[in-house]
Amino acid sequence: MTHPFATPEIAAIFNSFTAPDRRGLLTLRDLIFTTAATTTPVTETLKWGVPSYLPVKPRTGTTLRLGPHKGGGFALFAHCQTSLIPQFRDQFGTAFAYDGNRAVIFRHASEIDETALQILIHRALTYHLK
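So, a few notes on the structure that sits alongside this text. Fair warning: this is a prediction, and the values are worked out from it, not measured in the lab. (Residues numbered from 1 in each chain as written. Predicted model: local features only at pLDDT ≥ 70, side-chain atom pairs only at ≥ 80, totals over all residues. Heavy atoms only, no water.)

Describing the overall build of the chain
Here's step 1: Scanning the chain from N- to C-terminus turns up four helices and six strands.
Here's step 2: For the chain, the α and β elements follow one another from N to C terminus as α-α-β-β-β-β-α-β-β-α.
Here's step 3: Over its C-alpha trace the chain gives a radius of gyration of 13 Å, about what one expects of a compact globule, namely 14 Å for 130 residues.
Here's step 4: When its C-alpha atoms are laid out on the principal axes, the chain stretches across 35 × 35 × 25 Å.
Here's step 5: Across the chain, every contact between residues at least 6 apart in sequence was considered, and the portion connecting residues at least 24 apart equals 54%.
Here's step 6: Of the roughly 6800 Å² of accessible surface on the chain, a fraction of 55% belongs to carbon and sulfur atoms.
Here's step 7: When the 13 positive and 9 negative side-chain charges of the chain are each reduced to one mean point, those points stand 7 Å apart. (Helix = DSSP H or I, 4+ residues; strand = E, 2+ residues; numbered from the N terminus. Rg over C-alpha atoms; globule rule 2.2 N^0.38 Å. Contact = heavy atoms within 4.5 Å. Areas by Shrake-Rupley, 256 points an atom, 1.4 Å probe, with all protein chains shown as cover. Lys, Arg positive; Asp, Glu negative; His and termini not counted. Charge placed at Lys NZ, Arg CZ, Asp CG, Glu CD.)

Focus on the sheet that holds strand β5 (residues 97-99)
Here's step 1: The six strands lie next to each other as β1-β2-β3-β4-β6-β5, forming an open sheet whose pairing is antiparallel. Of all the strands in the sheet, just β1 (42-47) and β5 have a single pairing partner and so form its edges. Neighbour to neighbour, the strand axes of the sheet diverge by 25° on average, direction disregarded.
Here's step 2: Both β5 and strand β6 (residues 103-106) contribute to a ladder of three bridges, which runs antiparallel. When the sheet's bridge partners are listed, Y98 is paired in β6 with V104.
Here's step 3: Packed on one face of the sheet, helix α1 (residues 8-16) meets β1, β2 (50-55) and β3 (64-68) and runs near 65° to β1.
Here's step 4: Taken strand by strand, helix α3 (residues 84-92) contacts β4 (74-78), β5 and β6, and its axis lies near 160° from that of β5. (Pairing = 2+ DSSP bridges. Axes fitted to C-alpha atoms, helices over the stretch in contact; angles between N-to-C directions.)

Points about the environment of K57
Here's step 1: Tracing the chain through its elements places K57 in the loop between β2 and β3.
Here's step 2: Take K57: its relative accessible area is 58%, and that puts it in the exposed class.
Here's step 3: Residues K57 and V42, spaced 15 residues apart in sequence, show a C-alpha to C-alpha distance of 8.2 Å. (Buried < 20%, exposed > 50% of the residue type's maximum accessible area, 1.4 Å probe, protein only.)

Things to note about unusual backbone geometry
Here's step 1: Phi is positive for W48, close to 55°, though the residue is something other than glycine.
Here's step 2: In this structure, W48 sits in the loop between β1 and β2.
Here's step 3: Unlike most non-glycine residues, R59 shows phi in positive territory, near 60°.
Here's step 4: Turning to its location among the elements, R59 is positioned in the loop between β2 and β3.

What about the layout of surface pockets?
Here's step 1: The calculated volume of the largest pocket comes to roughly 180 Å³.
Here's step 2: Within the lining of the largest pocket, the residues separate by chemical class into three nonpolar, three polar and three charged. (1 Å grid on protein atoms, 1.4 Å probe; cavity = no way out; pocket = protein on both sides within 12 Å on 5 of 7 lines; lining within 4 Å. Points joined across faces, edges and corners; volume = space filled by probe spheres on them. Nonpolar A, V, L, I, M, F, W, Y, C, P; charged D, E, K, R; others polar.)

As for the packing of aromatic side chains
Here's step 1: All chains considered together, the criterion is met by nine aromatic pairs.
Here's step 2: Between the aromatic rings of F74 and F106, the centroid separation amounts to 5.4 Å while the plane-to-plane angle is 20°, which identifies the pairing as stacked. Linking F74 in strand β4 with F106 in strand β6, this pair joins segments that are 32 residues apart in sequence. Side by side, F74 and F106 carry an identical accessibility label, which is buried.
Here's step 3: Measuring from centroid to centroid gives 6.3 Å for F96 and F106, while their planes differ by 85°, and the two rings are edge-to-face. A residue pair is termed long-range when its members are at least 10 positions apart, and F96 in the loop between α3 and β5 and F106 in strand β6 qualify at ten residues.
Here's step 4: A relative accessible area of 0% means that F106 is categorised as buried.
Here's step 5: Chaining the aromatic ring pairs together yields one cluster made of F74, F88, F92, F96, Y98 and F106. (Phe/Tyr/Trp six-rings, centres within 6.5 Å; stacked < 30°, edge-to-face > 60°.)

Honestly, that's just the spatial picture; any functional story needs more than this.
Structure follows, in structure tokens:
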């Protein structure tokens, strides 16, 4: 399911990604919106120059960001001061590559395990409701 971009600037950012990264990032974007449909509405905005997704209702969850990773490939970023990535790593271990407490890294869209990542996205969108 494809969701319209919130702004032309966000569309331009996605269009600036390499084709392989764009495919993966759009898959993650759709997964965020699909998960939000069963969790809490999200808003799409730009933070630090990358597409970011946060619950519409304040103090519900924490922001997720999508973008290229400095080491290559692309990533789903979470706030590094949350326990989201460490908990996800504890649960899924070496099934994914990580950047410390801040990101799950992908080299190819084929590495995206939607079922597992829905768990991470749901936890982020409801982080403050624990």
